[in-house]
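Working through the structure, step by step
Residues per chain, in single letters:
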Amino acid sequence: MRVRRQGASLVVDTPAKLNLFLEVLGRRSDGYHSLETVMVSVGLYDTLQFVPTATPGVSLSVCTSRGLGDVPCPVDDSNLVLKAARLLVERHLQTLGRDPFDTLENAGLPGVAIHLTKRIPLQAGMGGGSSDAAAALVGLNRFWNLGFASVDLHELASRLGSDVNVFLDSVPLALCRGRGEQIESRPLGRRYWVVVAQPPVGLSTAAVFRHWQPQAAPRCATPVLQMLAQGRLPDLQSGVFNALQQPAELLSDEVSQLLGQLRDAGGVVSGMTGSGSACYAIGQTYRACQTMAARLRARGGYWVGVMRCST
Ligand code: C5P
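Summarised in this report is the structure supplied together with it. Since the structure is predicted, the reported quantities are computational estimates derived from the model, not experimental observations.

1. Notes on the packing of helix H2 (residues 128-143) against helix H3 (residues 150-160)
Here H2 crosses H3 at 145°, and the two axes come no closer than 10 Å. Seen along the crossing, H2 lies across H3 with a hand that is right-handed. Contacts from Ala133, Leu137, Val138 and Asn141 of H2 reach H3 at Leu153, Leu156, Ala157 and Leu160. Class assignment of the residues belonging to the contact of H2 with H3 gives a composition of seven nonpolar, one polar and no charged.

2. As for the site of the ligand
Lining the immediate environment of the ligand, one finds Gly31, Tyr32, His33, Leu35, Gly161, Ser162, Arg179, Thr205, Ala206 and Phe209. The side chain of Ser162 places a nitrogen or oxygen atom 2.6 Å from an oxygen atom of the ligand. For the ligand, the accessible surface in isolation is 450 Å², of which the surrounding protein chains cover 73%. At the level of elements, strand S3 (33-53) and helix H5 (205-210) are the ones that each hand at least two residues to the shell around the ligand. With three residues, the top contributor of residues to the shell around the ligand is H5. Residues belonging to the shell around the ligand are distributed by class as follows: four nonpolar, five polar and one charged.

3. Some words on the pattern of salt bridges
If you walk through the whole model with that rule in mind, you get 14 salt bridges. A salt bridge links Lys118 to Asp46; its shortest N-O distance comes to 2.6 Å. Of this pair, Lys118 sits in strand S5 (residues 111-118) while Asp46 sits in strand S3, and the two are 72 residues apart along the sequence. The exposure class of Asp46 is buried, given its relative accessible area of 0%. Across the pair Arg159 and Glu155 runs a salt bridge whose closest N-O atoms are separated by 3.8 Å. Here the residue Arg159 and the residue Glu155 both occupy positions in helix H3, the gap between them amounting to four residues, near one helical turn.

4. What to know about the pairing of strand S1 (residues 2-6)
As defined by bridge partners, S1 adjoins strand S2 (residues 9-27) across five bridges and the pair is classed as antiparallel. From the neighbouring strand, Arg4 faces S2, where its bridge partner is Val11. Linking S1 back to S2 in an antiparallel pair, the connection comprises two residues, with Gly7 at a positive phi of about 65°.

5. Side note on H3
Along H3, the positions that sit buried rather than exposed are Leu153, His154, Leu156, Ala157, Ser158 and Leu160. As for H3, its buried residues are in contact with helix H1 (80-95), H2 and helix H4 (164-168).

6. So, the sheet that holds strand S11 (residues 279-283)
What the four strands build is an open sheet, ordered S10-S11-S8-S12; its pairing is antiparallel. Two strands close off the open sheet at either side, each with one partner strand: strand S10 (269-272) and strand S12 (303-309). Each strand of the sheet is rotated relative to its neighbour by a mean of 20°, with strand direction disregarded. One ladder, built from seven bridges, connects strand S8 (residues 192-198) with S12; its direction is antiparallel. Among the inter-strand pairings, Tyr192 is bridged to a residue of S12, identified as Cys309.

7. Remarks on the packing of H1 against H2
Direction vectors running N to C along H1 and H2 enclose 35°, while the axes themselves pass 8 Å from each other. Like other packed secondary-structure pairs, H1 and H2 cross with a definite hand, here right-handed. Between H1 and H2, the contacting residues are Leu80, Val81, Ala84, Ala85 and Leu88 on the first element and Gly129, Ser130, Asp132, Ala133, Ala136, Leu137, Leu140 and Asn141 on the second. Classifying every residue of the contact of H1 with H2 gives nine nonpolar, three polar and one charged.

8. Quick notes on the pairing of S11
Summarising burial for S11: five of the five residues are buried, a large majority. Covered by surrounding structure in S11 are Cys279, Ala281 and Gly283 together with Tyr280 and Ile282, the residues of both alternating faces. In this structure, S8 lies alongside S11, joined through five bridges in antiparallel fashion. Bridge assignment links Ala197 to a residue of S11, and that residue is Cys279. By the bridge criterion, four bridges tie S10 to S11 in an arrangement that is antiparallel.

9. A word on unusual backbone geometry
Of note, the bond from Gly276 into Ser277 is cis; its omega dihedral lies within 30 degrees of zero at 10°. A positive phi angle is found at Gln123, which is not glycine, with a value near 50°. Within the secondary structure layout, Gln123 lies in the loop between S5 and H2. Overall, Gln123 belongs to the partly exposed group, its relative accessible area being 40%. Here Ser170, not a glycine, exhibits a phi torsion of approximately 50°, which is positive.

10. Some thoughts on the nonpolar core
If you look at the biggest cluster of nonpolar residues, it comprises 43 residues, and the most contacted ones within it are Phe50, Ile114 and Trp144. Aside from chain neighbours lying at most four places away, what touches Trp144 is Val58, Val89, Leu109, Pro110 and Val112. Judged by nonpolar contacts, the second largest core, of 35 residues, contains Leu20, Val40, Leu173 and Tyr280.

Procedures and definitions
- Residues numbered from 1 in each chain as written.
- Predicted model: local features only at pLDDT ≥ 70, side-chain atom pairs only at ≥ 80, totals over all residues.
- Heavy atoms only, no water.
- Axes fitted to C-alpha atoms, helices over the stretch in contact; angles between N-to-C directions.
- Helix = DSSP H or I, 4+ residues; strand = E, 2+ residues; numbered from the N terminus.
- Left-handed = near helix turned anticlockwise from the far one by under 90°.
- Contact = heavy atoms within 4.5 Å.
- Nonpolar A, V, L, I, M, F, W, Y, C, P; charged D, E, K, R; others polar.
- Near = heavy atom within 4 Å.
- Polar contact = N/O pair within 3.5 Å; in protein donor to acceptor, adjacent residues only side chain to side chain.
- Areas by Shrake-Rupley, 256 points an atom, 1.4 Å probe, with all protein chains shown as cover.
- Salt bridge = Lys/Arg side-chain N within 4 Å of Asp/Glu carboxyl O.
- Buried < 20%, exposed > 50% of the residue type's maximum accessible area, 1.4 Å probe, protein only.
- Pairing = 2+ DSSP bridges.
- Core = buried A, V, L, I, M, F, W, Y, C linked by side-chain atoms within 4.5 Å.

Structure follows, in structure tokens:
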């Protein structure tokens, strides 16, 4: 995450992620699933601009970059950016001993208009909404000078979603456990280039998890973490795994077709990220990724991007 001042505004660029490994260890009593997952941060960013306004309160506007696909981004209270703002204000009012459920307008904080530029595809398994929520927590904490420590932001992040915490720490590679919110930073041995594509249809995370079936023996993240630390690209495919791929393929033929296209296009290592529907292929070089991307674009119908995973 990159935070910078721009006049009276604050601007935060916040990245997407790819899951290079995702094992589901079981269902929990709270309805979530226990996970072991390896997430790599990639160089595709949403941008949040926090602009002071004369009137109090928080507003949100969204600008979606061209070619991002058909899934609409909500601008109402269901958007995680506004949920993050609400939660942060509640916690602030609580620390002042005031009614935490007072309106945003009455909170006594300067008004802010948040302009969100979406470049990360929605319902793709790339963590766009979660990344935006993390950026809202960090950005508003700074914009309003609230002084919350990282541990406080992490507590709020875990209430917003399972993938929000990983974006707070800005680590290139993380091993995540629990629901996904327990983060350990891990070394990434080299820079990788990756081509990512999404079919026209997105997938709902909840729906994909509902179709997951327990397997006999869970796989372990250690081999893929070792390969990533040592930069062993050709071996990486043997460690790459996603337990949600099977349920995602059940829900959408497009995922299987895309994975086939990525392999045919020459991807050394390929897989699906998160709960899909985006899939990736790691290439030997930037040029190899550009060639793969050109083939996928020529086929038509996909959102396609080339990006870097780096230390
Ligand atoms: O945590 P988040 O709100 O991003 O999760 C969206 C949905 O995905 C949850 O409501 C749940 O159905 C499912 N999920 C899960 N186990 C996880 C993470 C998400 O079942 N570890």
